[in-house]
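Coordinate analysis (summary)
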Amino acid sequence: MAADQAQFQQLLVSLLSTDNDVRQQAEEAYNNLARELKVTHLLGNIHNGQQSEEARQMAAVLLRRLFTTEFLEFYKEIPAESQNQLLQQILLAVQQEVTPQLRRKICEVVAEVARNLIDEDGNNQWPDVLQFLFQCANSPTPQLQESALRIFSSVPSIFGNQETQYIDLIKQMLAKSMDAGSDAEVRIQAVRAIGAFILFHDKDKEVAIYKNFADMLPRMIVITGETIEGQDDQSLLKLLIDMTENCPKFLRPQLEFIFEICMKVFSSQDFEDSWRHLVLEVMVSLAENAPAMVRKRADKYIVALIPLVLQMMTDLDEDEDWSTTDAVDDDDHSDNNVIAESSLDRLACGLGGKVVLPHVMNALPAMLGHAEWKHRFAALMAISAIGEGCHKQMEAILDEVMSGVLNFLRDPHPRVRYAACNAIGQMSTDFAPTFEKKFHNQVIPGLLSLLDDVDNPRVQAHAGAALVNFSEDCPKNILTRYLDGIMAKLETILNSKFKELVEKGNKLVLEQVVTTIASVADTCGAEFVAYYDRLMPCLKFIIQNANSDELRMLRGKTIECVSLIGLAVGREKFISDAGEIMDMLLVNHTEGAELSDDDPQTSYLITAWARMCKILGKQFEQYLPVVMGPVMRTATMKPEVAMLDNDEVEDIEGDVDWSFINLGEQQNFAIRTAGMDDKASACEMLVCYARELKEGFAEYAEEVVRLMVPMLKFYFHDGVRTAAAESLPYLLDCAKIKGPQYLEGMWLYICPELLKVINTEPEPEVQMELLNSLAKCIETLGPNCLNEEAMKQVLEIINKYVLEHFERADKRLAARNEEDYDDGVEEELAEQDDTDVYILSKIVDITHALFQTNKALFLPAFEQVAPHFVKLLDPSRPVADRQWGVCVFDDLIEFCGPACAPYQQIFTPALLQYVVDKSPEVRQAAAYGCGVLGQFAGEQFAVTCAQIIPLLVQVINDPKSREIENINATENAISAVSKILKYNPSALTNVDELIGVWLSWLPISEDPEEANHIYGYLCDLIEGNHPVILGANNCNLPRLVSIIAEAFCTKVIEAQSATGTRMLTIVKQVESNPDVMQACASTLSPEQQQALQEAYQELATVATA
């Protein structure tokens, strides 16, 4: 045994070796040992005072890791006596005279065992550890007191289901440990223990815990302040940051004091930057997580904080090569100016423009007028940073802001010119399209002049990047005015920089210019065709020849550019190059030289192939065997994940490729996020193939479904789950060609998983896509696609989501009565409300799909959820609730026809009341319902239809009925009158008079769906030679031709539709009488005449095809 122990000691020494080979061999030997042997030796080494400190620490770390992953398996295998011995030995280890570092690691072992010995019901199966905690806490030895607190911090759940009975003792122990007379380290650990205990409790228990521990908060903050003064231990400051994120309300009583401490540090130059960064994080995090509280109670500190943050943004290094360097490194996230800029952005988003904008605007003039470039740079970067958070307030003063920014495009310092480009680019995104419409005549010339800044390539490139942002959201009709000037400049730069690449290897500006050309093409569409022939040879040359590693990004961006140009100019122009370009894009995949995993070209290729698919349509199918491999490989990429303790997290915390989720109790889930965006992008491209190619993609549908369904639970990336959900109806559509049995099998695989994830998905944006996917799947598959069990689950989903909708509305109502309620809170609540309404609309889409496919057969199932939708109709509900409530009953009437009668007591009063509602959205839904009632509900509703008519007339004749916000509701009302007149007029006493009034409401211009009904009825009346419509001696013909011409002019009717064809046939009949046609033509505007000619041509093209 002694020999074994000695051998193991040697193994520990080898594990600590700096020689990789020695260490690897030792790791292998250690991994091959039996579990029980590992535990025995590791524990023995922890107890062995003769062993070196490093080896004992290593033994404690290895034992804790072993217990984290395998404790229960090991523990259950050993006899009860050995179990007791093990637990005793572990507690004895804490009581040894050891160094603070080793004691800390031993405490982590105790904590790990304690965590494992609490069962699911909260029973602590190691009662001795609780006794031990209290003994240590009451011990005269500070080291033991500290150990008890460390263990409790690591496992705040240690008391399990006995917590309530122990709560006073726990509180007593913690309060005593924070006494001024206690050892300094004990005080620090006591604060950490209280923090961990409060953070551990979930929302249900937090109120009681906050109340119980409120009297301890002042002391906690005082001790935290002491550690800050001493500048020696940042753990309490980091804990405070955790608390600002997770339980800011607990901190409310000490909010001013917290800000006082933080501002003292942040405004002082006596503290190292790392301390200033942490106190800034405390304040910013409070502003993000409890904005109303900060606005109300800490406003005076924000007034002082913002100028200090702006001052920190000026902390920049001089760098003579900055503007000429070709290789740009990412900003260092620990630099003062980067942290300050990010903090300003977060303050603006958290507290809103009312609070932040005035203070920034007050400081800007002095900064912009400062002789030193750093201040001008910081001011312009501040404008970039606050746009998103101060959107509403800043939009109102854009002229003032821009008058300042534009001048700095000509600043003598290149970094200031760069910052001006940055501000313009950011505002182009934040304030689109208002910004583009207002400032195009200043911004475009300004950026084009900076594209000539050849001595400062970094500024030149950034001007190109700003032009990308501007053109992305610029209305096409504005950008095309400048197209010749923009393209002349970009082509010149493309040619000169291409030459520079060949001669000097410089590529920064060239990469940017290629992206800028792509963005301009994307916005200008077919207008871009004029530049195609000049650009394409150069771009193809780059794709063909940029094969070295350092040119991969350039090649990727050029691939993106070519595919976007192809999409812009259209198939006809692009088709002659398409085959050659596809061959170039596939060269890496057909010649066996696969791209490496980190090759930036992969994501560009995958999105370019999807664009090529849109351009080529069915012709793209020939490339599927080659492209599917790389796309599927990227889509199936597995993320790198790890479970790390807090120390391990600290080691890689600054790595931007990793994200961490703190699971509490010393456990952190880490995921390497690099590559996840590519995975999401690949999934989106698969959606594109399925949507565009339909049955042409059928051979891959099963493989892709087997990828996508498990991806519905890929919680590491929202975009992946969204794409997976979106793909399902399209994949079912692809599979239809393989027959009903195959389709049914695929749906049986999809359906249970889809329904399951709809119930568990945490993110509203993904919930929307999942609900949308379910509705589309039902529509795609048709009647009876849900078996009894599935239908039951769908009804449960509807029930769950509508109940949650009501609950969240009640919570928002309660929030309006809270003490911190203000305008900022109201804005937040309005955003939440928008999200909620959108989710409700998706639930209504599901009931719509079920009514549409199953008709009256859905009624027995609907009965189970109907009360929720009846509640939505209540006059006291918000506008959106009533709108969507009416829509549900519209569907019931439209798809169930006369079988809707059992619900008439519900929907009839609602339609009569809401068709004249103040809200246009509610009126529109009700008017549509009146129309389908006339069209589908049958003779039994003739009297109701007659009651509705005067109300519809009132709506249509209202003086404001044609205003932009009312027009859709009005056209739905006109359509409803048309449907009642056509399908259900038996109870009307004045049909001819009504038809005359109805004709006076035409033309309509906005709603193509209702236009078909309205103009279809008009054709019925004209073809039936209705005297009211034609007038005496056909005197109404000029007006009728004018109405028809206007319908084509506003494109509310398509020429090749059935109604469009009928309308054109009527005009042709009129044309057969030249005199009459001349009278008609004289009343038409040139636009109407042209629209008629184009409609004829369109119809002729369809006829010849």
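Rules and cut-offs
All residue numbers here refer to positions counted from 1 along the written sequence of the relevant chain. In keeping with the predicted nature of the model, local features appear solely for residues at pLDDT of at least 70, side-chain atom pairs appear and are counted solely at 80 or more, and the whole-chain, interface and lining totals rest on all residues. In computing side-chain properties, one takes all heavy atoms of the structure into account and sets aside hydrogens as well as water. Fitted lines through C-alpha atoms give the axes, limited to the stretch in contact for helices. The angle between two N-to-C directions lies from 0 to 180 degrees. Numbering of helices and strands starts at the N terminus; helices are DSSP runs of H or I of at least 4 residues and strands are runs of E of at least 2. Roughly parallel covers angles under 35 degrees, roughly antiparallel covers those over 145, roughly perpendicular covers 65 to 115, and oblique covers all other angles. What makes a crossing left-handed is the near helix being turned counterclockwise from the far one by less than a right angle; a clockwise turn instead makes it right-handed. Every residue pair with non-hydrogen atoms within 4.5 Å of one another is taken to be in contact. In this count, Pro and Cys sit with the nonpolar residues alongside Ala, Val, Leu, Ile, Met, Phe, Trp and Tyr, while Asp, Glu, Lys and Arg are called charged and the others, Gly among them, polar. For a helix, the expected span equals 1.5 Å multiplied by the number of residues minus one. Residue burial is assigned from relative accessible area. The probe radius is 1.4 Å, only protein chains are included, and a residue is buried under 20% of its type maximum, exposed over 50%, and partly exposed in between. Put simply, buried Ala, Val, Leu, Ile, Met, Phe, Trp, Tyr and Cys residues joined by side-chain atoms within 4.5 Å make one nonpolar core. What goes into a patch is any residue over 30% in relative accessible area without a salt bridge, connected to like charges within 9 Å or, for nonpolar side chains (Val, Leu, Ile, Met, Phe, Trp, Tyr), within 5 Å. Per-residue accessibility takes into account occlusion by the displayed protein chains alone, with areas from the Shrake-Rupley method and a 1.4 Å probe. Each salt bridge in this description consists of a side-chain nitrogen of Lys or Arg and a carboxyl oxygen of Asp or Glu lying within 4 Å of one another. His is not counted, nor are the chain ends; Lys and Arg add positive charge and Asp and Glu add negative charge. A charged residue contributes its charge at one atom only: NZ of Lys, CZ of Arg, CG of Asp or CD of Glu. Only the six-membered ring of Trp is used, alongside the rings of Phe and Tyr, when aromatic pairs are assigned; centres must lie within 6.5 Å, and planes under 30 degrees apart are stacked while those over 60 apart are edge-to-face, with the rest tilted. Distance and angle both matter: a charge sits over a ring if NZ of Lys or CZ of Arg is within 6 Å of the ring centre and within 35 degrees of the ring normal.

Observations concerning the packing of helix α10 (residues 184-200) against helix α12 (residues 217-230)
Interhelical geometry of α10 versus α12 gives an angle of 130 degrees and a closest axis separation of 10 Å. With respect to α12, the element α10 is oriented oblique. In the crossing of α10 with α12, the sense of the turn from one axis to the other is left-handed. Listed contacts from α12 to R187, I188, V191, I194 and G195 of α10 are R219, M220, I223, T224, E226 and T227. Residues that form the contact of α10 with α12 fall into these classes: five nonpolar, three polar and three charged.

Brief notes about helix α14 (residues 255-266)
Between its first and last C-alpha atoms α14 spans 16 Å; for twelve residues at 1.5 Å apiece the expected length is 16 Å, and the two agree. L255, I258, F259, I261, C262, M263, V265 and F266 are the residues of α14 that are buried. Along its buried surface, α14 packs onto α12, α13 (235-246), α15 (273-289), α16 (291-297) and α17 (299-312).

Regarding the nonpolar core
Core analysis: the largest hydrophobic core is formed by 403 residues, its most contacted members being F620, Y689, F697 and W998. Every residue in contact with F620, bar those within four places of it in the chain, is listed here: M582, W609, M612, C613, V627, Y689 and L693.

Considering unusual backbone geometry
Omega for the bond connecting A432 with P433 falls within 30 degrees of zero, at -10 degrees, which places this linkage in the cis form. Following the sequence through the fold, P433 ends up in the loop between α23 (414-430) and α24 (434-450). Following L1002, the chain continues into P1003 via a peptide bond in cis, with omega recorded as 5 degrees. Within the secondary structure, P1003 sits in the loop between α48 (991-1000) and α49 (1008-1023). One non-glycine residue, N1034, lies in the positive phi region at around 55 degrees. In this fold, N1034 is placed in the loop between α50 (1027-1030) and α51 (1037-1049).

Overview of the side chain of R376
Assignment of secondary structure puts R376 in helix α20 (residues 373-386). Those residues within four positions of R376 in sequence are excluded, and the remaining contacts are M367, L368, H370, A371, F408, D411, P412, H413 and V416.

A look at a negative patch on the surface
On the surface, D315, D317, E318, D319, E320, D321, D335 and E372 cluster together into a patch of negative charge. The residue D315 is located in the loop between α17 and α18 (336-351) in this model.

Comments concerning the packing of aromatic side chains
Enumeration according to the criterion identifies 32 aromatic pairs in this entry. Between Y210 and F250, the aromatic rings sit 5.5 Å apart at their centres with planes inclined by 50 degrees, giving tilted as the arrangement. Of this pair, Y210 sits in helix α11 (residues 203-213) while F250 sits in the loop between α13 and α14, placing them 40 residues apart in sequence. Judged by relative accessible area, Y210 falls into the buried class, the value being 13%. The rings of F134, F152, F159, Y166, F197 and F213 are connected pair by pair, giving a single aromatic cluster. Between the NZ or CZ atom of K738 and the centre of the ring of Y742, over which it lies, the distance is 5.0 Å.

Structural notes on the pattern of salt bridges
Considering all chains together, one arrives at 49 salt bridges under this definition. Across the pair D718 and R721 runs a salt bridge, and its minimum N-O distance is 3.0 Å. Separated by three residues within a single helix, D718 and R721 lie in helix α37 (residues 718-735), roughly one turn from each other. By relative accessible area, which is 2% here, R721 ends up buried. Taking the shortest distance from any N to any O, the salt bridge between D733 and K736 comes out at 3.6 Å. With a relative accessible area of 29%, D733 lands in the partly exposed category. One salt-bridge network, in which partners are shared between bridges, spans K800, E804, R808, R812, D833 and D836.

The values are spatial; any link to function lies outside them.
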